[in-house]
Amino acid sequence: MASSSGLFSSIRGPEISKSKTLIFNSKPYHHHHAFINVSFPLHSQSYQKKQNKLRVSAASSSISMTEDIRTGPEDLVASILSKVTGTDRGVSLTKEGHKEVAEVAQKLQKYCVDEPVKCPLIFGEWDVLYCSVPTSPGGGYRSALGRVFFKTKQMIQVVEAPACVKNKVSFSLFGFIDGEVSLKGALNVLDEKWIQVIFEPPELKVGGFNFTYGGESEVKLEISYVDEKIRLGKGSRGSLFVFLRR
């Protein structure tokens, strides 16, 4: 989200046997006291080397295919969820941890549907499970100082057909005063992957107080993957988001 109170800135191969030598052992044939025992190599040495190279290449291809099967979309989804769950939406992750999440997200992009902005799976209620930049979802409320006073309880995004987005951050102020910041915006499709959301001024509720402040804000988001379970988004400034369907 562009404003400090915005919720988000975006919505084995088989073992190959060793080559063998074909041997013909003729039965003793006595003719003029002659004995014949003939051994023919199956391949010449140069041909054998070529065959070995082919076998190595085939084995490598088989291993690659096996890895692709093992890291299909379901496995990648499980992997990325295991890396971001319980990290306070990415805050407690190390630099290496963020890198691992980005690598899995990049692999998942290969399985994204064509024109995800037109996919009905984008609609629904989503939890913000992760962001590579802690202050992108929630703005100042999620900064290092903000987290001291505002303990985040929920971060939710609702995408409603045909073009409505609602973002909400609920928190506990000083640990005992409940509050929330909410935004409502209009969704515009920019191309087959990118969307733009223009938000109205945020609304803040703390205890019995309710008021709006600030002005409009605008964000752009690339939908890089979506299925029945998760949605990945990438902001215009490179922030990576992981949304989990509620």
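What counts, and where the lines are drawn
- Residues numbered from 1 in each chain as written.
- Predicted model: local features only at pLDDT ≥ 70, side-chain atom pairs only at ≥ 80, totals over all residues.
- Heavy atoms only, no water.
- Helix = DSSP H or I, 4+ residues; strand = E, 2+ residues; numbered from the N terminus.
- Buried < 20%, exposed > 50% of the residue type's maximum accessible area, 1.4 Å probe, protein only.
- Areas by Shrake-Rupley, 256 points an atom, 1.4 Å probe, with all protein chains shown as cover.
- 1 Å grid on protein atoms, 1.4 Å probe; cavity = no way out; pocket = protein on both sides within 12 Å on 5 of 7 lines; lining within 4 Å.
- Points joined across faces, edges and corners; volume = space filled by probe spheres on them.
- Contact = heavy atoms within 4.5 Å.
- Phe/Tyr/Trp six-rings, centres within 6.5 Å; stacked < 30°, edge-to-face > 60°.
- Lys NZ or Arg CZ within 6 Å of the ring centre and 35° of its normal.
- Polar contact = N/O pair within 3.5 Å; in protein donor to acceptor, adjacent residues only side chain to side chain.
- Expected span 1.5 Å × (residues − 1).
- Arc of directions from axis to C-beta.

*Asks:* Any chance you could explain the overall build of the chain here in plain terms?
*Replies:* Counting its regular elements, the chain contains 4 helices and 10 strands. Counting from the amino terminus, the chain carries its helices and strands in the arrangement α-α-α-β-α-β-β-β-β-β-β-β-β-β. Per-residue burial for the chain yields a buried fraction of 37% across its 246 residues. Of the roughly 14800 Å² of accessible surface on the chain, a fraction of 56% belongs to carbon and sulfur atoms.

*Asks:* Please explain the layout of surface pockets as it appears in this structure.
*Replies:* Empty space left among the atoms is revealed by rolling a probe the size of a water molecule over them. Considered as a void within the structure, the second largest pocket measures approximately 200 Å³ in volume. Taken together, the elements giving at least two residues each to the lining of the second largest pocket come down to β2 (150-160), β3 (164-173) and β4 (177-189).

*Asks:* Which parts of the structure should I look at to understand the environment of Val 189?
*Replies:* The topology assignment puts Val 189 in strand β4. When its relative accessible area of 51% is taken as the criterion, Val 189 is described as exposed. For the pair Val 189 and Leu 221, spaced 32 residues apart in the sequence, the C-alpha separation amounts to 10.0 Å. Excluding anything up to four places from it in sequence, Val 189 contacts Val 117 and Trp 194.

*Asks:* Would you explain the packing of aromatic side chains in this entry?
*Replies:* Aromatic ring pairs are defined here through the distance separating the ring centres and the angle between the ring planes. Applying the stated criterion across every chain, the model contains 2 aromatic pairs. Arranged with centres 6.5 Å apart and planes meeting at 55°, the rings of Phe 211 and Tyr 213 form a pair that is tilted. Centroid distance Phe 241 to Phe 243: 5.9 Å. Interplanar angle 15°. Geometry classified as stacked. Residue placement shows Arg 231 over the ring face of Trp 126; its charged tip is 4.8 Å from the ring centre. Residue placement shows Arg 231 over the ring face of Phe 243; its charged tip is 4.1 Å from the ring centre.

*Asks:* What exactly am I supposed to notice about the side chain of Gln 196 here?
*Replies:* Mapped onto the fold, Gln 196 is located in strand β5 (residues 194-199). You can call Gln 196 buried: its relative accessible area is 17%. Side chain to side chain, Gln 196 and Glu 218 meet in a polar contact 3.2 Å long. Setting aside anything within four residues of it in sequence, one finds Gln 196 in contact with Ala 186, Leu 187, Asn 188, Leu 190, Glu 218, Val 219 and Lys 220.

*Asks:* I tried to follow helix α3 (residues 95-108) on my own but got confused; where do I start?
*Replies:* Structurally, the α-helix is built with 3.6 residues per turn, so residues lying three or four positions apart point the same way. Here α3 contains 14 residues, and its C-alpha end-to-end distance of 20 Å stays within 8% of the 20 Å for a straight helix at 1.5 Å per residue. Restricting attention to buried positions, one finds in α3 the residues Gly 97, His 98, Val 101, Val 104, Ala 105 and Leu 108. The buried residues of α3 occupy an angular sector of 125° when the element is viewed end-on, so they sit on one face. Summarising the geometry of α3, the exposed residues directed more than 90 degrees from the buried face are Lys 95 and Gln 106. Buried positions along α3 lie against α2 (73-84), β1 (124-131), β8 (217-226), β9 (230-235) and β10 (240-245).

Read these as spatial facts, not as claims about activity.
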